[in-house]
Amino acid sequence: MTKAELIAAMAAKAGLTKAAAERALNAILDAVQNTLTREGKVTFTGFGTLAVEKRRERTGRNPRTGKPLRIPAAHVVKFRAGKTLKKAVH
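In this report, we go over the structure that sits alongside the text. (Residues numbered from 1 in each chain as written. Predicted model: local features only at pLDDT ≥ 70, side-chain atom pairs only at ≥ 80, totals over all residues. Heavy atoms only, no water.)

### Re the environment of Thr43
For Thr43, the location among the structural elements is in strand E1 (residues 41–44). For the pair Thr43 and Lys83, spaced 40 residues apart in sequence, the C-alpha separation works out to 12 Å. Beyond its immediate sequence surroundings of up to four residues, Thr43 is in contact with Gly48 and Thr49. (Helix = DSSP H or I, 4+ residues; strand = E, 2+ residues; numbered from the N terminus. Contact = heavy atoms within 4.5 Å.)

Below is the structure:
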C-alpha cells in the first residue's frame, strides 16, 4: 500500500476529504517521528511498538570484491507487532 492509497482508504473509512486525510496522516507521521527522536519509543496498543535501538559496529563483506569492511554503529527503528495485529495476520 502506498501513502496515496492509505490516504484514500482513510478518507473513505472516516468520511473525510482526501486533503483532510492527508493532513491527518502527515500529523500522525510527524508526531511519531518527533516522539521517536525524543523518547525512542511509540506504542500503539494492540497494533505494535516502534522503538529506536542502537546497532553495534560490525564487520561486513563487499559482495563484489569479498573484502571485509567496517559497518559503523547506527540507530535503527524496529517494529514489534502487537497481539491484535499478530492475530489478524495469522
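### Comments concerning the pattern of salt bridges
Within the structure shown, the criterion is met by four salt bridges. Of the charged contacts in the structure, one is a salt bridge between Glu53 and Lys78, with a shortest N-O distance of 3.7 Å. In this pair, Glu53 sits in strand E2 (residues 48–55) while Lys78 sits in strand E5 (residues 74–81), placing the two residues 25 residues apart along the sequence. Overall, the relative accessible area of 23% leaves Glu53 in the partly exposed class. Here Arg70 makes a salt bridge to Glu57, at a shortest N to O gap of 3.1 Å. Note that Arg70 is positioned in strand E4 (residues 68–71) and Glu57 in the loop between E2 and strand E3 (58–61), a separation of 13 residues in sequence. Through salt bridges with shared partners, one network takes in Glu53, Lys78 and Arg80. (Salt bridge = Lys/Arg side-chain N within 4 Å of Asp/Glu carboxyl O. Buried < 20%, exposed > 50% of the residue type's maximum accessible area, 1.4 Å probe, protein only.)

### Regarding the sheet that holds E2
One open sheet accounts for three strands, arranged E1-E2-E5; its pairing is antiparallel. The open sheet terminates on both sides in strands that have one partner only, identified here as E1 and E5. Taking the axes of each pair of neighbouring strands and ignoring which way they run, one obtains an average angle of 25 degrees across the sheet. Relative to E2, E1 runs antiparallel, the two being bridged by four bridges. Across the sheet, residue Val42 finds its bridge partner in E2, namely Leu50. The sheet contacts of helix H2 (residues 18–38) involve E1, E2 and E5, and relative to E1 the element is tilted by about 135 degrees. (Pairing = 2+ DSSP bridges. Axes fitted to C-alpha atoms, helices over the stretch in contact; angles between N-to-C directions.)

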